[in-house]
Amino acid sequence: MIVFDETRKLFHLKTRHTSYVMDIVDGGWLRHLYWGATLEDWHGAACMPMMDRSFAANPAGTPQDRRFSLDTTAQEYPAHGNSDMREPAVRVASADGARISDLRFISYRIGKGKSHMEGLPSIYVNEDDEAETLDILLRDDLTGLEANLSYSILGDSDAIMRSVRFTNRGKESVTLEQAMSASLDLGGIAGFEALYLPGAWSRERHVERSPLGHYRHVVESRRGASSHQENPFLALLAPDTDETHGQVYAMSLIYSGSFQAFAEVDQFDVTRMAIGLNPFDFSWELAPGEAFQTPEAVLLYTDEGLGQMSRSFHALFRKHLLREPWCDTERPILVNNWEATYFNFDEEKLCHLIDTASDFGMELMVLDDGWFGHRNGDDSSLGDWVEDRAKLPHGLACIADHAKERGIQFGLWFEPEMVSRDSRLYREHSDWVLSAPGRPLTEGRGQYVLDLTRPCVQDYVIEAVASVLKRVSISYVKWDMNRHMTEVYTASLPARRQKETAHRYMLGLYRVLESLHEMFPEVLFESCSGGGGRFDPGMLYYMPQTWASDDSDAVERLAIQYGTSLVYPPQAMGAHVSAVPNHQTGRCEPMATRVLVAMAGTFGYELDITTFSEEERQEVREHIALFKELRSLLFSGELYRLLVPEHHGDAVSWMMVSKDKTHAFLSYVQLLATPNPPHRFLHLQGLDPHRQYRLFERLTTAAEHFPQVPANWPDHSFADGAVFGGDELMRAGIWLPVLMGDYQSFGWELKAVEADEFQEGQEGAGLR
Ligand code: DGJ
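Residues numbered from 1 in each chain as written. Predicted model: local features only at pLDDT ≥ 70, side-chain atom pairs only at ≥ 80, totals over all residues. Heavy atoms only, no water.

Before going further, it helps to examine the overall build of the chain. A count of helices and strands for the chain gives 13 helices and 39 strands. Here the C-alpha atoms of the chain give a radius of gyration of 27 Å, agreeing with the 27 Å that 2.2 N^0.38 yields for 768 residues. Each principal axis of the C-alpha distribution contributes one length, and for the chain these read about 85 × 70 × 45 Å. Among the 768 residues that make up the chain, the fraction classed as buried is 63%. When contacts within the chain are restricted to residue pairs at least 6 apart in sequence, those whose partners lie at least 24 apart make up 70%. Counting only carbon and sulfur atoms, one obtains 49% of the accessible surface of the chain, whose full area is about 28300 Å². (Helix = DSSP H or I, 4+ residues; strand = E, 2+ residues; numbered from the N terminus. Rg over C-alpha atoms; globule rule 2.2 N^0.38 Å. Buried < 20%, exposed > 50% of the residue type's maximum accessible area, 1.4 Å probe, protein only. Contact = heavy atoms within 4.5 Å. Areas by Shrake-Rupley, 256 points an atom, 1.4 Å probe, with all protein chains shown as cover.)

Now the structure itself:
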């Protein structure tokens, strides 16, 4: 519900469990008052009073009161140059070169629904009844620049979606130099910590937490992609916040390019938090009558810890970001040939992989890099999306047909945004790449970035991909992107507008993706950027899953998938079982552990399945059958993290629980084994405390050839078949079996039982 109190000029947005309050102060500036747990009403008990502070300048015009300065006012969308010395949300240069703006309230509108953001990914609703939107119009009188601040809430979420649309109603051009999607000033959280997801290629989204100080804590990408190095997400947490307790203020940006998020604690311990396009190397000229739309930010508050924050993001993204049909459609079990063959494959090898996959019960075979041009390494042929007849003499259609005959689907890899120096496309269109006059081109992986700001290049990319998808029966596309932007310059813009290039590239990319989505809605697209270099909500809008990392090592994945799961739902996270020794780390984990970790995501295999021994083949068949049984729970259940990598160095554990709490799957992975171990207990989460659950051991490494638990010790199966109370499992916890050997694991299924089954179960398990 969104209400406006005319007398107090006060806006109050109420989501299911939160309130967001702001008002218009004398003079017409928009003030932030409160964001937190639901309030019946706001009476101003926590309102920061106006005080005459030294070195706090008073803005010109009303109210001419020395106690009033924008520098000491909690603002909702602060502009640069008019007395607020903190980092602004918006900075605008007018035609005369002045960089001052003063946005004041003009009008507001509250209405049902949430409008579609033309050309940009965003949270969507199918029916107007699902959402409410508040639009607040601000204007800078001198330049005529208007800013429409948009706030949307949904009936089934605590999220608040914010974005800004600028329109130049003046007579002269203005240039936006900074245009954040959301900004607000929070009192009372100066001792909080920032949580963010930094990383690197193959080490994406490792959770980091650091205390906020009196400085500007910036999380950003300047790479032309959301990047492996950072993620468009920032949360501020009360210092004692953990998975189940504590206040969290989170912001996520639905965008895939260079972004910035920051938290700045000011001199009076007020914290400004903002997220949006990175102002670095950005500007956007607005001629009279033109408009500019910022990407959308998602704001989430909870006082129930990080677990609840994640479940709120997951629910929102599953229902209102991932597009139909993929928001509700379970994903096929795939085998990808990359780590099985790299570039070294032929028709026979692919058919063998397909036959084996089909025999195991897999459902999709994905042909990765190397099928086109004359690509036998990573330095050629990008852009020439035609089969390499040396490897595939009968073409792609023959492979797709073979897959169809074996009852499985066929998927294909592309890297459409790039061109290799050694390619026909580059020879014919060397002017189609991002490049600056007179500057030599920087190469990354032997390739250049196509200039997607240009409609003709966008059309080429759409056509190149579409023509293959029309010609061959393909049900899945892996869309890769393997370098960041350099020479960010386009021949399509005049000199003064060059800082628009990176954002125009993203708009061009989004146009390409939207067109392909419209043409092939049934094709499952997986986004990839050298692994998880563009794991962001923007890409998820067009492609419902992202390959989480090129690091397929199960132990490394525990950290990567933990960080990823803070914001992104499991069905968006590409995860595969890979070979041992692992190709990135050389580590060896038992097969069941690799399976358990991949089951936390979309689940597939990425190793040479044709070389398995008979024993391994049997094991794989069983794992696949198990995944199929659990798939709907894992796809639609809610995630509870029990032991997270950062706090529990010796083990990681998580659960998926069905929404009605009758069914759950618990995963536990030990890292290094401990000799003569102390007793440990695992406290489950998310169950119904009033129900009883029967526990089934479904997956264990004990069966593999690792040192066995001493014969007189209770083993993994100590609780198999037993019935326990949900309250007991969550409050008392369950005794953790001793696991001999590093990287051992188990997966337990829990099913709610009827009351009369309880007695029977206890007796059956010998626990009475
Ligand atoms: C990077 C991806 O992340 C890998 O999975 C693989 O597709 C390679 N590119 C192929 O070049």
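The next subject is helix α3 (residues 347-360). For α3, built from 14 residues, the straight-helix expectation of 20 Å at 1.5 Å per residue is met to within 8% by its first-to-last C-alpha distance of 20 Å. Residues of α3 that are buried include every one of Glu347, Leu350, Cys351, Leu353, Ile354, Thr356, Ala357 and Phe360, and no others. Looking at the buried side of α3, the elements it contacts are β21 (334-336), α2 (338-341), β22 (364-367), α4 (395-405) and α11 (614-636). Measuring from the backbone nitrogen of Glu348 back to the side-chain oxygen at the start of α3 gives 3.2 Å, which picks out Asp346 as the cap. (Expected span 1.5 Å × (residues − 1). Polar contact = N/O pair within 3.5 Å; in protein donor to acceptor, adjacent residues only side chain to side chain.)

Moving on, we get to the sheet that holds β21. The strand order β29-β28-β27-β26-β23-β22-β21-β31-β30 describes an open sheet built from 9 strands, whose pairing is parallel. Either end of the sheet is taken by a strand with one partner, and the two such strands are β29 (573-574) and β30 (576-578). Pairing geometry for strand β23 (residues 409-414) and strand β26 (residues 476-479), over 4 bridges, is parallel. For Gly411, the partnering residue across the bridge sits in β26 and is Tyr476. Across the sheet, helix α6 (residues 455-471) is in contact with β23, β26 and β27 (524-527); its angle to β23 comes to roughly 155°. Set on the sheet, helix α10 (residues 591-598) makes contact with β30 and β31 (604-606); between it and β30 the angle comes to about 155°. (Pairing = 2+ DSSP bridges. Axes fitted to C-alpha atoms, helices over the stretch in contact; angles between N-to-C directions.)

Counted under the stated rule, the structure contains 8 cavities of 30 Å³ or more. In this structure, the largest cavity encloses a volume near 300 Å³. Pro570, Met573, Ala600, Gly601 and Trp654 are the residues nearest the centre of the largest cavity, which is lined by 28 residues in total. Elements represented by at least two residues in the lining of the largest cavity include exactly α9 (554-565), α11, β32 (638-643) and β33 (651-657). If you tally residues by element for the lining of the largest cavity, the top one is α9, at 5 residues. When grouped by side-chain class, the residues that make up the lining of the largest cavity number 17 nonpolar, 6 polar and 5 charged. In this structure, the second largest cavity spans a volume of roughly 70 Å³. As for the second largest cavity, its lining consists of Trp29, Leu30, Gln75, Glu76, Tyr77, Pro78, Ala79, Asn82, Asp102, Leu103 and Leu138. Its residues assigned to classes, the lining of the second largest cavity comprises 7 nonpolar, 2 polar and 2 charged. (1 Å grid on protein atoms, 1.4 Å probe; cavity = no way out; pocket = protein on both sides within 12 Å on 5 of 7 lines; lining within 4 Å. Points joined across faces, edges and corners; volume = space filled by probe spheres on them. Nonpolar A, V, L, I, M, F, W, Y, C, P; charged D, E, K, R; others polar.)

Before going further, it helps to examine the sheet that holds strand β39 (residues 745-753). Judged by pairing direction, the sheet is antiparallel, and its 6 strands sit side by side in the order β32-β33-β34-β39-β36-β37 without closing on themselves. Both outer strands of the open sheet, β32 and β37 (723-725), are each paired with one neighbouring strand and no more. Direction aside, neighbouring strands of the sheet carry axes that sit 25° apart on average. Pairing of β33 with strand β34 (residues 663-670), which is carried by 7 bridges, proceeds in the antiparallel orientation. Bridge pairing in β34 places Met655 opposite Leu666.

Looking now at helix α1 (residues 305-320). Compared with an ideal rise of 1.5 Å per residue, which puts 16 residues at 22 Å, α1 spans 23 Å between its outermost C-alpha atoms and is within 8% of the ideal. A large share of α1 lies buried, amounting to 13 of its 16 residues.

What follows deals with the site of the ligand. Near the ligand you find 13 residues, and of these Asp368, Asp369, Lys478, Asp480 and Asp550 are the closest. The contact in question runs from an oxygen atom of the ligand to an N or O atom on the side chain of Asp368, over 2.7 Å. Contact between the ligand and Gly531: an oxygen atom at 2.8 Å from a main-chain N or O atom of the residue. When the ligand sits alone it has 300 Å² of accessible area, and the protein chains cover 98% of it. Within the shell around the ligand, the residues separate by chemical class into 4 nonpolar, 3 polar and 6 charged. (Near = heavy atom within 4 Å.)

Judged from the 3 bridges that link them, strand β36 (residues 692-700) and β37 form a sheet pairing that is antiparallel. Bridging across to β37, Arg694 finds its partner in Val723. Of the pairings in the sheet, the one linking β36 to β39 comprises 8 bridges and is antiparallel in character. Bridged to Leu695 within β39 is Leu750.

With that settled, consider the nonpolar core. Ranked by size, the top nonpolar core spans 203 residues in total, and within it Phe166, Trp371 and Tyr605 carry the most contacts. Per-element accounting of this core gives the leading share, 9 residues, to α6. Filtering out sequence-adjacent residues up to four positions away, Trp371 remains in contact with Phe345, Trp385, Val386, Glu387, Asp388, Leu392, Leu396, Leu412, Trp413, Phe414 and Val468. If you look at the next biggest cluster of nonpolar residues, it comprises 25 residues, including Leu687, Leu695, Leu739 and Trp748. (Core = buried A, V, L, I, M, F, W, Y, C linked by side-chain atoms within 4.5 Å.)

The next subject is the packing of aromatic side chains. Evaluated as defined, the whole model comprises 38 aromatic pairs. Three or more aromatic residues joined by ring pairs form one cluster here, namely Tyr20, Trp35, Tyr151, Phe192, Tyr249 and Tyr301. Over the ring of Phe268 we find Arg53; its NZ or CZ atom is 3.6 Å from the centre of that ring. Between Arg323 and the ring centre of Tyr541, over which it is positioned, the NZ or CZ distance is 3.9 Å. (Phe/Tyr/Trp six-rings, centres within 6.5 Å; stacked < 30°, edge-to-face > 60°. Lys NZ or Arg CZ within 6 Å of the ring centre and 35° of its normal.)

Let us look at the environment of Ile189. As for its position among the elements, Ile189 is in the loop between β10 (174-186) and β11 (193-196). Given a relative accessible area of 2%, Ile189 falls into the buried group. The residues touching Ile189, leaving out its near neighbours within four places in the chain, are Leu212, Leu236, Tyr249 and Thr271.

Moving on to unusual backbone geometry. The omega torsion across Glu324 and Pro325 is 5°, close enough to zero to call that bond cis. Secondary-structure assignment places Pro325 in the loop between α1 and β21. Of note, the amide linkage connecting Val580 to Pro581 takes the cis form, showing an omega dihedral of -10°. By the element assignment, Pro581 lies in the loop between β30 and α10. In this structure, Tyr342 takes a positive phi of about 50° despite not being glycine.

This part takes up the pattern of salt bridges. Enumeration according to the criterion identifies 55 salt bridges in this entry. Across the pair Asp102 and Arg104 runs a salt bridge whose closest N-O atoms are separated by 2.8 Å. By the burial criterion, Asp102 is buried, and Arg104 matches it. In the salt-bridge network here, residues are joined through shared partners; they are Asp84, Arg86, Asp185, Asp266 and Arg272. (Salt bridge = Lys/Arg side-chain N within 4 Å of Asp/Glu carboxyl O.)

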